[in-house]
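Residue strings, one per chain:
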Amino acid sequence: MCPTSAVIGCVTVLGALLSLPSSWLSTILAVLGVYMVWRGSWKFIHVALYTFKRDFLCLLILLRVRFAMYQNTRKRRTIPTLFDKMAAQHPDKPALIFEPTGEVWTFRELQEQCHTVAHWALAQEWAEGDVVALFMESRLPMVALWLGLAMVGVEVAFINNNLRLNSLQHCVKVSGARALVFGSELSEAVFDLRGSLPSNMVLFCSSDQLDKEKLCGFNVENMDNLLASMPKHPPTYTLKKAFDDRLFYIYTSGTTGMPKAAVVVHSRITCFIRYYRIAAFGFHAFGLRHDDIIYDCLPLYHSAGTIMGVGQCLLFGLTVVIRRKFSASRFWDDCVKHNCTVIQYIGEICRYLLAQPVRPSEAHHRVRVAIGNGLRPSVWEEFVERFGIKHVGEFYGATECNCSLINIDGTVGSCGFNSRILPSFYPISLMRVEEDSRELLRDARGLCIPCQPGEPGMLVGRINHKDPLRRFDGYADEESTNKKIAHSVFRMGDSAYVTGDVLVMDDYGYMYFRDRCGDTFRWRGENVSTTEVEGVLSGLLGHTDVAVYGVCVPGVEGKAGMAAIAHTGDHFDLDAFLTAVQKALAPYARPFFLRLTPAVDTTGTFKIQKTRLQKEGYKPQNSEEKIYFLNSSVGRYEAVTDELFDAIMEGRVRL
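Report on the accompanying structure. Note that the coordinates shown come from a computational prediction; the quantities given were computed from them, not determined experimentally.

Here we come to the pairing of strand S24 (residues 546-551). In terms of burial, S24 is largely enclosed, as six of its six residues are buried. Side chains Val 546, Val 548 and Gly 550 of S24 all project onto a buried face; the interleaved residues Ala 547, Tyr 549 and Val 551 project onto the opposite face, where all are buried too. When S24 meets strand S25 (residues 560-566), the two strands line up antiparallel, connected through six bridges. Of the residues in S25, the one forming a bridge with Val 548 is Ala 563.

Following this line, the structure appears as structure tokens:
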């Protein structure tokens, strides 16, 4: 990049955004020049000129976000009050549209549905801070339930609708929920929990077709009938909660054990939506408009589906199309049908769409912006070119993290950036880690060691509970919260959130995702806890030693699950094993590869070691071990031969 052009570009942007006098602009550039000379690096000067426009605009965004958060805190606003304001502005505008039925709720109708939920909660005599677990597939009542409960201070725990048995039981119990609201489509999963739920827990089924015989023995009430009898006017209740109080829980896979309930407060959801939205407006890279229609096919138990998707409706008045389940074949047809202009994605969705045959609707849609995360460089350009997407807004973040990133200028493969000029303004950093244990390395003073450009490291963010962008609200249990906090990271005595993710930064501050640390891997857009899967498989096999890990498959996003099982007998019933696995584990958590081995490597304290197994992958190694591959087309595990291994590596056999 030409330095002269960079300076001219910076002056132009500053003048356009702030309309400052030229003397002011000259002063700003002079101060910047002195600072760069003080740094004493011509390379730094080049980087500063290259990134000045991007970083200065980001600075403005952060200042605007903080000002908005200050206003909301001072006026004790909450998500329900912000939504009420939006509903009053355009009550008859479509708020939510449901596919596949095409059902439409206007802002007035959504507000009335929320009021009925609030009245119902008050009739149950629930108090602020009580929790209700929500277990259903994505549909419109799911939005009304959590938002209506929030109007009277009751918190929702969003349960992943793929969970079954022990995982489902754990998530319901750890939330401390007083009630469980579930969809009729998940009655079988609830029935499997008979005898394991608290005896005083009340169950509500959201369906006109309540199967009382199947749920015999449970105290189950028909949710839809109850809500139909409730008034639609606002409840006469004054909410005691404020902007920084709890709103709901979203479960996230940690580095070990069962899913953890991440705390989401009112200010966090507002901050995140406003941050990404202001970024969109400020940079004009993928600017959103009030007349946009968003296609949200992500599950609503995820923060991406509820916060980033539905949140645009609640806080900014956009229309959101909610798809019950993602369908690659119907994706573009839905977008054309509803005139969608913005789509949400995870990396897997983009690959699924590219794998579909060409259809007319993909060339006749009005989508101009795609927002999401996990879009790999190998897919990025093909996705944009084939489907005519003008702008991609890739971001990095997690429900609970305080170091979110956003790619605002379309740099292919980057999940965001941090300023090289003023890195302390948004105090996040990549820190060196020990290669095998992934523990943070420290210098002689006891502080963590920042990575240099090009050096992979763990992303961490300094914690400041007074700043919505930097606070870490943790999880429902204190032990899980403490595991994600490191101390004396940037300076002695401070605290920082440890993401568990390894990224790498280039000379200009652009970040690129590398790998997920700890006992998790990402598959089909979901984080898989290997510890959790190991526990399930070991239980199915009579407490046999099992090591679960992710392996790379060419041309496939994420890592496929592989399980090494200690087995010394002559016969292993693969069909019975698969049947048990399908009942006990969500589809994304089921191992695609099995490795039957005489023994699983362990340490002296019986901790399973996976380094060798991960390096060897699914390539047949010796006659003492057998490796199997889950052939989805025939629904069974098949032995991996040298020929089959080559076919998988060459993409002739696909997962």
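Here we come to helix H6 (residues 140-150). The element H6 is extensively covered by neighbouring structure, given that 10 of its 11 residues are classed as buried. Residues Leu 140, Met 142, Val 143, Ala 144, Leu 145, Trp 146, Leu 147, Gly 148, Leu 149 and Ala 150 constitute the buried set of H6.

Let us look at unusual backbone geometry. Of the consecutive residues Glu 99 and Pro 100, the connecting peptide bond is found in the cis state with omega at 25°. With respect to the secondary-structure elements, Pro 100 resides in the loop between strand S1 (94-99) and strand S2 (104-106). With a phi angle near 50°, Ser 488 is a residue other than glycine that sits in the positive phi range. Tracing the chain through its elements places Ser 488 in the loop between strand S19 (485-487) and strand S20 (495-505). With phi around 65°, His 543 is a residue other than glycine that occupies positive phi space. Secondary-structure assignment places His 543 in the loop between helix H16 (530-540) and S24. Taking relative accessible area as the criterion, His 543 reaches 68% and is therefore assigned exposed.

Read from one edge of the open sheet, seven strands run S7-S6-S5-S3-S4-S8-S9, paired in mixed fashion. Pairing within the sheet leaves two strands with one partner each, and these edge strands are strand S7 (220-222) and strand S9 (260-265). The sheet shows a mean angle of 25° between the axes of neighbouring strands, direction not considered. Taken together, the five bridges between strand S5 (residues 179-183) and strand S6 (residues 202-206) define a ladder with parallel strand orientation. Across the sheet, Gly 183 pairs through a bridge with Ser 206, a residue of S6. Where H6 meets the sheet, it contacts strand S3 (131-135), strand S4 (155-158), S5 and strand S8 (246-252), and its direction lies at approximately 145° from that of S4.

With that settled, consider the pairing of S6. Summarising burial for S6: five of the five residues are buried, a large majority. By the alternation rule, side chains of S6 split into Val 202, Phe 204 and Ser 206 and Leu 203 and Cys 205, which are all buried. Across three bridges, S6 lies against S7 in parallel orientation. Within S7, the residue paired with Leu 203 across the bridge is Val 220.

Once that is clear, we can look at the sheet that holds strand S15 (residues 405-406). Taken together, eight strands build an open sheet; the order of strands is S2-S1-S11-S10-S12-S13-S14-S15 and the sheet is mixed. With partners counted over all chains shown, the strands left at the sheet margins are S2 and S15, one partner each. Bridge count for strand S10 (residues 293-296) against strand S12 (residues 342-346) is two bridges, and the pairing is parallel. What sits directly across from Ile 294, in S12, is Val 342. Packed on one face of the sheet, H6 meets S1, S2 and strand S11 (319-323) and runs near 135° to S1.

Moving on, we get to the nonpolar core. Counting residues in hydrophobic clusters, the biggest one holds 93 residues, and the most contacted among them are Leu 110, Trp 120 and Trp 146. By residue number, the principal contributor to this core is H6, which donates nine residues. Of all hydrophobic cores here, the second largest spans 72 residues; its members include Phe 135, Val 172, Trp 523 and Val 528.

So, about the environment of Lys 75. Take Lys 75: it is sitting in the loop between helix H3 (42-74) and helix H4 (79-89). Owing to a relative accessible area of 45%, Lys 75 belongs among the partly exposed residues under this scheme. Lys 75 sits 168 residues away from Phe 243 along the chain, and the two C-alpha atoms are 8.6 Å apart.

All told, the structure shown has 31 salt bridges when counted by the stated rule. For the salt bridge of Glu 362 with Arg 386, the shortest nitrogen-to-oxygen distance reads 3.0 Å. Taken together, the residues Glu 362 in the loop between helix H13 (347-355) and strand S13 (369-373) and Arg 386 in helix H14 (residues 377-387) connect sequence positions 24 residues apart. Classification of Arg 386 as partly exposed rests on a relative accessible area of 25%. Here Asp 494 and Arg 462 are joined by a salt bridge, their closest N and O atoms 3.8 Å apart. Here Asp 494 is found in the loop between S19 and S20, whereas its partner Arg 462 is found in strand S18 (residues 457-462), with 32 residues between them in sequence. Assigned by exposure class, Asp 494 and Arg 462 land together as buried. It is possible to trace a salt-bridge network through shared partners that takes in Glu 137, Arg 139, Glu 185, Arg 324 and Lys 325.

The next thing to look at is the environment of Asp 501. For Asp 501, the position within the fold is in strand S20. Judged by relative accessible area, which is 4%, Asp 501 ranks as buried. On a C-alpha basis, the gap between Asp 501 and Phe 513 in space is 7.7 Å, while along the polypeptide they are 12 residues apart. One polar contact links Asp 501 to Tyr 396, side chain to side chain, over a distance of 2.7 Å.

It is worth spelling out the packing of H13 against H14 at this point. For any two helices packed against each other, one specifies the inter-axial angle together with the distance between the axes. Orientation of H13 relative to H14, taken along the N-to-C sense of each, is 55°, at an axis distance of 10 Å. With respect to H14, the axis of H13 lies oblique. In this structure, the crossing between H13 and H14 has a hand that is left-handed. Packed against H13, whose contacting residues are Cys 350, Arg 351, Leu 353 and Leu 354, the element H14 presents Val 379, Glu 382, Phe 383, Arg 386 and Phe 387 at the interface.

Criteria and thresholds
- Residues numbered from 1 in each chain as written.
- Predicted model: local features only at pLDDT ≥ 70, side-chain atom pairs only at ≥ 80, totals over all residues.
- Heavy atoms only, no water.
- Buried < 20%, exposed > 50% of the residue type's maximum accessible area, 1.4 Å probe, protein only.
- Helix = DSSP H or I, 4+ residues; strand = E, 2+ residues; numbered from the N terminus.
- Pairing = 2+ DSSP bridges.
- Axes fitted to C-alpha atoms, helices over the stretch in contact; angles between N-to-C directions.
- Contact = heavy atoms within 4.5 Å.
- Core = buried A, V, L, I, M, F, W, Y, C linked by side-chain atoms within 4.5 Å.
- Salt bridge = Lys/Arg side-chain N within 4 Å of Asp/Glu carboxyl O.
- Polar contact = N/O pair within 3.5 Å; in protein donor to acceptor, adjacent residues only side chain to side chain.
- Parallel < 35°, antiparallel > 145°, perpendicular 65-115°, else oblique.
- Left-handed = near helix turned anticlockwise from the far one by under 90°.

Any functional reading would require information beyond the geometric quantities listed.
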